[in-house]
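# Examining the three-dimensional arrangement
Listed below are the residues making up each chain.
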Amino acid sequence: MSRYFTEDHEWIDVDGDVGTVGISDYAQGQLGDIVFVDVPEAGKSLVKGDEAAVVESVKAASDVYSPVSGSVIEGNAALADEPGLVNTDPEGEGWFFKLTLSDTSQLDGLMDETAYQAFVAKL
């Protein structure tokens, strides 16, 4: 499995043609305590850069963008009852949605973990 990051602080784990998307630990830290998450429904088609989910914290509301194009196969239903999963495990159990990638070449424009850590260090 490979993990990629965007400059908007989304991550995507890719296993075959399925990607699992969430926000990075850095993004969660910037937002503070997450109190609400709205994830996309299965079947929704997303184009790279589309607003895919909304996350609200005690500080602000923020959009989560799709790092690649594809079709949503599952939203993380656990976040409806437990949005705090994003606080405790943003890069694991706090994932937002899974999608089938329609164009794996779009991954080429994303950062690997090393590049992302260097990007964050400059912020």
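Below is a short write-up of the structure.

About the criteria used
- Residues numbered from 1 in each chain as written.
- Predicted model: local features only at pLDDT ≥ 70, side-chain atom pairs only at ≥ 80, totals over all residues.
- Heavy atoms only, no water.
- Salt bridge = Lys/Arg side-chain N within 4 Å of Asp/Glu carboxyl O.
- Helix = DSSP H or I, 4+ residues; strand = E, 2+ residues; numbered from the N terminus.
- Buried < 20%, exposed > 50% of the residue type's maximum accessible area, 1.4 Å probe, protein only.
- Pairing = 2+ DSSP bridges.
- Axes fitted to C-alpha atoms, helices over the stretch in contact; angles between N-to-C directions.
- Patch = residues over 30% accessible without salt bridge, like charges linked within 9 Å, V, L, I, M, F, W, Y side chains within 5 Å.
- Areas by Shrake-Rupley, 256 points an atom, 1.4 Å probe, with all protein chains shown as cover.
- Contact = heavy atoms within 4.5 Å.

Bringing the pattern of salt bridges into the picture now. Following the criterion strictly, the structure yields two salt bridges and no others. Here aspartate 13 ties to arginine 3 by a salt bridge, and the two come within 2.6 Å at their closest N and O atoms. One end of the pair, aspartate 13, is in strand β2 (residues 10-15); the other, arginine 3, is in strand β1 (residues 2-5), and ten residues separate them in sequence. Exposure remark for aspartate 13: the relative accessible area of 13% places this residue in the buried category.

Bringing the sheet that holds strand β7 (residues 61-65) into the picture now. On the basis of which strands lie adjacent, the open sheet formed by three strands has the order β4-β6-β7 and antiparallel pairing. Pairing within the sheet leaves two strands with one partner each, and these edge strands are β4 (34-38) and β7. Along the sheet, successive strands turn relative to each other by an average axial angle of 25 degrees, direction set aside. Pairing of β4 with strand β6 (residues 51-57), which is carried by four bridges, proceeds in the antiparallel orientation. Within β6, the residue paired with isoleucine 34 across the bridge is serine 57.

It is worth spelling out a nonpolar patch on the surface at this point. Side chains of Val35, Phe36 and Val58 sit close together on the surface and give an oily, nonpolar patch of about 290 Å² of accessible area. Summarising the element assignment, phenylalanine 36 is placed in strand β4.

Residue histidine 9 is not a glycine yet carries a positive backbone phi of 75 degrees. Looking at where histidine 9 falls in the secondary structure, it is placed in the loop between β1 and β2. For histidine 9, a relative accessible area of 13% puts it in the buried group.

Another point: the environment of phenylalanine 119. By the element assignment, phenylalanine 119 lies in helix α4 (residues 113-121). Distance in space between the C-alpha atoms of phenylalanine 119 and threonine 6 is 9.9 Å, their sequence separation being 113 residues. Ignoring sequence-local partners within four residues, the contact set of phenylalanine 119 consists of Glu7, His9 and Met111.

Here six strands make up an open sheet; going across it, the order is β1-β2-β3-β9-β8-β5 and the pairing antiparallel. The open sheet has two edge strands with one neighbour each: β1 and β5 (45-46). The sheet contact formed by strand β3 (residues 18-23) and strand β9 (residues 97-101) spans four bridges and is antiparallel. By the bridge assignment for β9, glycine 19 is matched with leucine 99.

One ladder, built from five bridges, connects strand β8 (residues 70-75) with β9; its direction is antiparallel. Looking at the pairing, glycine 70 lines up with leucine 101 of β9.

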